[in-house]
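Here is how the chains run, residue by residue.
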Amino acid sequence: MSDPAELAGRVLETYERNAAWYDRERSRVLFERGWLDRFAGMLPGGGRVLDVGCGTGAPIAEYLTGLGFAVTGVDGAAAMIEIARARRPEGDWRVADMRALALEERFDGVLAWDSFFHLTREEQRQVVPKLLQHLGPGGPLMLTVGPGDGEAEGCVGDEPIYHASLDGEEYASLLREGGAEVVAYVLNDETCGGHGILLARKR
């Protein structure tokens, strides 16, 4: 693995450079549908969803919008948001780094799919409370996580990209401290491209 600290510091600039590649290559098959439907089933009809690390808005924000939810998409890479705005100018797309998220709004559900796991472990400890602060009572929070405590290297285009995860017990503790509880914690879900998914509900 490349130097972890250096790699972690380059995540947003890597996505800035690779936004067009990502939009072109990102699967539209929606293998995530089962988990998205479970998340959606915990929302009120027409509820507001905050999609953190929304990328270009396709296919996840598009899918949730199609189900009748009002989606606000935020991403720290401006190039990603530019593509989302060009494709769906009627959408609510904002440039925002989840590490400093402070929208002064509450949502019925918060989702951070294929984005949260790019944070360092210490950043994840700081961001879980921020995400919960944006979530209304009874609302779901869904994150993709790694297979256990540690760091790993993936790739975006031809460039290396940083990944990290805490272990399940620490996630559960962070959620309890923020007034939420784990609903489901599934690692290496073969029905979802091998993703690890953490689904919680705010009390």
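Quick summary incoming for the structure in this document.

A separate point is the pairing of strand β4 (residues 109–112). Side-chain alternation along β4 places Gly109 and Leu111 on one buried face and Val110 and Ala112 on a second face that is also buried. When strand β1 (residues 48–52) meets β4, the two strands line up parallel, connected through 3 bridges. Bridge pairing in β4 links Val49 to Gly109. Relative to strand β5 (residues 140–145), β4 runs parallel, the two being bridged by 3 bridges. Bridging from a neighbouring strand, Val110 pairs with Leu141 of β5. In the classification by handedness, the crossover that spans β4, the intervening helix α7 (residues 121–133) and the parallel β5 is right-handed.

Turning to the sheet that holds strand β3 (residues 92–95), a few remarks are in order. What the 7 strands build is an open sheet, ordered β3-β2-β1-β4-β5-β9-β8; its pairing is mixed. Two strands lie at the open edges of the sheet, namely β3 and β8 (180–189), each paired on one side alone. Neighbour to neighbour, the strand axes of the sheet diverge by 15° on average, direction disregarded. By the bridge criterion, 5 bridges tie β1 to strand β2 (residues 70–75) in an arrangement that is parallel. Its bridge partner lying in β2, Leu50 is registered against Thr72. Contacts between helix α6 (residues 78–87) and the sheet are confined to β2 and β3, with β3 contributing the most and set at about 165° to the helix. Docked against the sheet, helix α8 (residues 168–177) engages β5, β8 and β9 (195–202), running at close to 155° with respect to β8.

Parameters at a glance
Residues numbered from 1 in each chain as written. Predicted model: local features only at pLDDT ≥ 70, side-chain atom pairs only at ≥ 80, totals over all residues. Heavy atoms only, no water. Buried < 20%, exposed > 50% of the residue type's maximum accessible area, 1.4 Å probe, protein only. Helix = DSSP H or I, 4+ residues; strand = E, 2+ residues; numbered from the N terminus. Pairing = 2+ DSSP bridges. Right-handed = clockwise from strand over helix to strand, strands pointing away. Axes fitted to C-alpha atoms, helices over the stretch in contact; angles between N-to-C directions. Contact = heavy atoms within 4.5 Å.

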